[in-house]
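So you can see what is in the structure, the chains are spelled out below.
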Amino acid sequence: RGPVTALSSTRVLVGRELVPADVVTADGRVTEVAPHGSVPWSTDLGDLVLAPGLVDVQVNGGFGHDITSHPASLWEVAASLPRQGVTAFCPTVITGPVGTIDRALGAIGARPPGFVGAEPLGLHVEGPYISAERRGAHPLAHVGTFVDPAPWAPPAVRIVTLAPEVTEMDLVAELARRGVVVALGHTDARHDVAVAAIGSGARHVTHVFNAMRPFDHRRPGVVGAALVDDRVTIGLIADGIHLHPTTLALVARAVGVDRLVATTDAMAAAGMSPGAYWLGDHEVLTDGVRARLADGTLAGSVLTMAESVGRLARFARLDLAASLLAHTANPARVLGEVGRGEIRVGARADLVVLDDDGGVHLTMVGGQVVHEG
């Protein structure tokens, strides 16, 4: 038998609500969700929030490591992410030289012996099939470079972000058929092209509004197509920088809680002091709040998922339970990760204990405590 634990809190995310409860785990699974105070040997967390582990679908790097330029560092990032409440994530590879994605595929398949940390759920391949005009921090020299998509399939590749106007709809349909989440992003697509891509199987939008054709009341583009289609989940960065708080509130009101997927788009500077870091081929400067290229272009973020929970709730005018869903159950559902991102009997014992200021007090992965703070 593995470790048996019991945690008790007045605020536990069960289903869609924060309720008083005791949660018992054994052998890496939740074995009991009991009335609050009914398990006498449980650890009392007071009113700290007990939630499923946070799931981030877009992590470019962190803690000084850039996954695109040094793919093997994804395991260093994974080992550190529990400090920020993350128990599962998609290591993200942006547009780079030929061979970049192949090296990342090799790295994610080379699990270190005895590894302990957040679980890599498969790569998020962001580029090279993106718009040169909407490339953001992606290096122009490599945008559109041919890469054979034949190996792009779960479990090694879980998400592919592409611009539908620069590729074939057959690729969108084929990736979707394989079970890859096709995300629209870094795109200048018109509304009709976006609608066609969704019809072909695209089901997600990468950091909505950012690196895409702006919404216009007569030319709604990808943003308009995605917001009104219930099949599409909306990825967003809730740092208050990538999107104005009013825009976050507008998106949340337009699509409802179940379609919101919060992500950090974290890069190497996340978890580090201000200074110069790398994102793929580009040097990125951060003051500890924003991450930008020398020309001022936003280049990922230094946001943590734990911080994002409170910011999304505050900016989008959501209750805390709704914001937590956008960081747990919703991204898990996008990836088809049954039993992850929720607290129920039989679910994975991936748990996090948070305070209202974004502090992480405890993180468990598979029933094992991997961070205590």
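Residues numbered from 1 in each chain as written. Predicted model: local features only at pLDDT ≥ 70, side-chain atom pairs only at ≥ 80, totals over all residues. Heavy atoms only, no water.

Asks: How would you explain the side chain of Ser42 if you had to name every residue and give the values?
Replies: Positionally, Ser42 belongs in the loop between β3 (29-35) and β4 (43-44). For Ser42, a relative accessible area of 18% corresponds to the buried category. A polar contact is formed between the side chain of Ser42 and the backbone oxygen of Val39, at a distance of 2.9 Å. Ignoring sequence-local partners within four residues, the contact set of Ser42 consists of Ala6, Leu7, Ser8 and Asp22. (Helix = DSSP H or I, 4+ residues; strand = E, 2+ residues; numbered from the N terminus. Buried < 20%, exposed > 50% of the residue type's maximum accessible area, 1.4 Å probe, protein only. Polar contact = N/O pair within 3.5 Å; in protein donor to acceptor, adjacent residues only side chain to side chain. Contact = heavy atoms within 4.5 Å.)

Asks: Give me the lowdown on the packing of aromatic side chains, citing residues and values where you can.
Replies: The final tally for this structure, using the stated rule, is two aromatic pairs. Aromatic pair Trp75 and Phe115: ring centres 4.9 Å apart, planes at 75°, arrangement edge-to-face. Of this pair, Trp75 sits in helix α1 (residues 74-80) while Phe115 sits in the loop between α2 (100-108) and β10 (119-120); the two residues are 40 residues apart in sequence, bridging distant segments of the chain. In terms of burial, Trp75 and Phe115 fall into one category: buried. Aromatic pair Tyr129 and Trp152: ring centres 6.3 Å apart, planes at 50°, arrangement tilted. Pair noted here: Tyr129 is in the loop between β11 (123-126) and β12 (157-162) and Trp152 is in the loop between β11 and β12, with a separation of 23 residues, a long-range link. A residue is classified by how much of its surface remains accessible, and Trp152, at 1% relative accessible area, is buried. (Phe/Tyr/Trp six-rings, centres within 6.5 Å; stacked < 30°, edge-to-face > 60°.)

Asks: Requested: an account of the nonpolar core, with residues and values cited.
Replies: Within the largest apolar cluster, 77 residues are counted, with the highest numbers of intra-cluster contacts made by Trp152, Ile234, Leu236 and Leu312. For this core, the leading source of residues is helix α7 (residues 305-316), giving six residues. Apart from the residues lying within four places of it in its own chain, the contact partners of Leu236 are His207, Val208, Leu243, Leu248, Val251, Leu260, Val261, Ala262, Thr263 and Leu312. Counting 13 residues, the second-largest nonpolar core is a separate cluster that includes Val23, Leu48, Val353 and Leu362. (Core = buried A, V, L, I, M, F, W, Y, C linked by side-chain atoms within 4.5 Å.)

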